[in-house]
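Observations on the three-dimensional arrangement
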Amino acid sequence: MIPIEHGRNSPPTERDSTPSKGSRIISEFETFQSFCAQLRDSKALADIVRLTAETLGTFAPFEVIGFLLVSPNDPGFNLSQVYPESCREDLQARIDEQIESGKFAWALRHPRPLKLDLQPSDRHLILTPLVTRERTLGMFAGIVPADGLDQENLLLLQLSVVLNIAVTALENLLLREDLIRHNHQLEQIVEERTAAFMKAKEEAERANMAKSDFLAMMSHELRTPMNGIIGFANLLLDTRLTPEQEDFIQTIRSSGDALLRIINDILDLSKIEAGKQQIESIDFDLRQILTNSLDLVRENATAKNLALRHDFSPSLPKLARGDPGRIRQILINLLSNAIKFTNRGEVILRATVDRHTEDGVFLRIAVKDSGIGIPTEVQEKLFSPFTQADSSTKRKFGGTGLGLAICRKLVEMMGGQIGIRSTPKIGSTFWFTVFVETPTPRDQPSPADLAPPDPASTSGKRVLLAEDNLVNQKVFTHMMKKLGCTLICVDNGREAVDRLEQEAFDLIFMDCQMPEMDGFEATREIRRREEETGGPRRIIVAMTAMALKGDRERCLESGMDDYVTKPVQLEALRFVLHRWTVQHPNA
């Protein structure tokens, strides 16, 4: 039992010991101060209840004090704390009587302490609801003797003040516990969601890796046979053919080119979406890229009797630094579409400077046609994958609907924008902006670096080809013959390493995926032997169907000097041979 001091209600032992009114007020004030100070330091519900019981005992001679508290999980009133504990059953019985009579419920609605007579009538039960504005915390219950309520109104007021202070402390404690519980729940939720996120991230990374592997395999498996189809078609066109045979071969080549464009579109879009597309930053002749793009589509425009014109602003820089291949890809796509959807009239390519920056310029390039036009409601959809103006367009003109989606993504990767202005039956203008750097004079390449290679410059060069595909060996053999080169073919990297020990070559073309020893391992072995012997560095160029982001870097990291992708064009081979055997023979 907690000792309860009876304060001013205790009978005086001597007349002179009766405290004065002033000293009693000071004592009560000090009691309140001490009570409040101890509550501030209380961290547990049991401590608050105990301190409250002790303080109440200084104002009235309570026989028993109890607290019926409502728990978060049980809305009922449970007699959780009783002082002294030996009086629990008696207090519970008295409370049950008030519950049955309805007075307990009435007390809950009463804002102040309520005094109820008990039988026998020499005791009183005091009930006080423990409530805040937001919720009910419980009920205070205490039994005092009938003669213990001297100055009843003042005593009840003091009880009300103490209990209100206790309620505030209890509420703060519960709020802290709620906060701790919610924080714990949030931490659990965060941990669970973090675990779920990490699992999803790992699954996404595995899926992305699988997608990348699939793209690499598809790129290799599709480009390898296309190299044979397009390569032999081009070689056959340079032979003596009957008109009918030439027509057949032209059809094979154009069909192969169309199939390769579809393959490239699908792979390009997949690479971009997988984050495996790369943007180069090299110096190039801007006007040459623009005019070359026009030259590539001029035959199609002429076949439809369309005028193909251009309008280049004098403010265009002659030399720029960026990705000429991607700019050409966008241009050819827009020009080809303009020619495809225009039956009469003209197609115009315009290029100007949109704005200058400290490092370069934003180019604005537009392709205007006098074709069928595009309705306003479908213009925004055109830059989404697999989208065309309508189903009849696809039936009439063909295509995958990937070209403009790829253009948009490439333009955005180069820091620009793309858009359209179109009027049905009048024509369309597709425009885009891209940022290119402007090289300083000391950074500009020499005219020799930009000039096309002399066809005779590669004649007499000795070339080694490591390639396991017999068709590609045949195509490459005929191409090298046209370039005037002597070619030796081997079937894998191991044979290439051994052959280099016996003969000297001006350049080695190395396929990356071969049996026994692939191109990467063979290149590393060649570089290791060069370092051991101190011999001259051989020029090794990857010639592979691998065309994803990172493939070029992987080739260069293994020790290769350059990189070309299949299907390989004759001019691309001439350019690579010229670069490494004429321009930079000792690189």
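These figures come from a predicted structure and were not determined experimentally.

**What to know about the overall build of the chain**
Helices and strands together make up the secondary structure of the chain, namely 17 helices and 17 strands. In the chain, the share of contacts with a sequence separation of at least 24, taken over all contacts with a separation of at least 6, comes to 67%. Carbon and sulfur atoms make up 52% of the accessible area of the chain, which amounts to about 31300 Å² in all.

**Details of the packing of helix α14 (residues 493–500) against helix α15 (residues 519–533)**
Closest axis-to-axis distance for the α14/α15 pair is 9 Å, and the angle between their directions is 25°. Classified by the interaxial angle, the pair formed by α14 and α15 is roughly parallel. Here α14 and α15 pass one another in a crossing that is right-handed. When α14 is examined against α15, the residues G493, R494, V497 and L500 are found in contact with a partner set consisting of A522, E525, I526 and R529. The residue makeup of the contact of α14 with α15, split by class, is four nonpolar, one polar and three charged.

**Describing helix α8 (residues 324–340)**
Its 17 residues give α8 an end-to-end C-alpha distance of 24 Å, which sits within 8% of 24 Å, the value for a rise of 1.5 Å per residue. Within α8, the full set of buried residues consists of P324, R326, I327, I330, L331, N333, L334, L335, A338 and I339. The N-terminus of α8 is capped by D323, whose side-chain oxygen sits 3.2 Å from the backbone nitrogen of G325.

**So, the sheet that holds strand β5 (residues 136–145)**
The strand order β2-β1-β5-β4-β3 describes an open sheet built from five strands, whose pairing is antiparallel. Two strands in the sheet have a free side with no partner beyond their single neighbour: β2 (74–83) and β3 (114–117). Neighbouring strand axes in the sheet, compared pairwise and without regard to direction, differ in orientation by 20° on average. Pairing of strand β4 (residues 123–131) with β5, which is carried by nine bridges, proceeds in the antiparallel orientation. Within β5, the position partnered with L130 by the bridge is G138.

**A closer look at the pairing of strand β14 (residues 486–490)**
As paired elements, strand β13 (residues 462–466) and β14 share five bridges and run parallel to each other. For A466, the partnering residue across the bridge sits in β14 and is V490. Crossover connection from β13 via helix α13 (residues 470–482) to parallel β14: handedness right-handed.

Rules and cut-offs
Residues numbered from 1 in each chain as written. Predicted model: local features only at pLDDT ≥ 70, side-chain atom pairs only at ≥ 80, totals over all residues. Heavy atoms only, no water. Helix = DSSP H or I, 4+ residues; strand = E, 2+ residues; numbered from the N terminus. Contact = heavy atoms within 4.5 Å. Areas by Shrake-Rupley, 256 points an atom, 1.4 Å probe, with all protein chains shown as cover. Axes fitted to C-alpha atoms, helices over the stretch in contact; angles between N-to-C directions. Parallel < 35°, antiparallel > 145°, perpendicular 65-115°, else oblique. Left-handed = near helix turned anticlockwise from the far one by under 90°. Nonpolar A, V, L, I, M, F, W, Y, C, P; charged D, E, K, R; others polar. Expected span 1.5 Å × (residues − 1). Buried < 20%, exposed > 50% of the residue type's maximum accessible area, 1.4 Å probe, protein only. Polar contact = N/O pair within 3.5 Å; in protein donor to acceptor, adjacent residues only side chain to side chain. Pairing = 2+ DSSP bridges. Right-handed = clockwise from strand over helix to strand, strands pointing away.

Geometry only, nothing functional implied.
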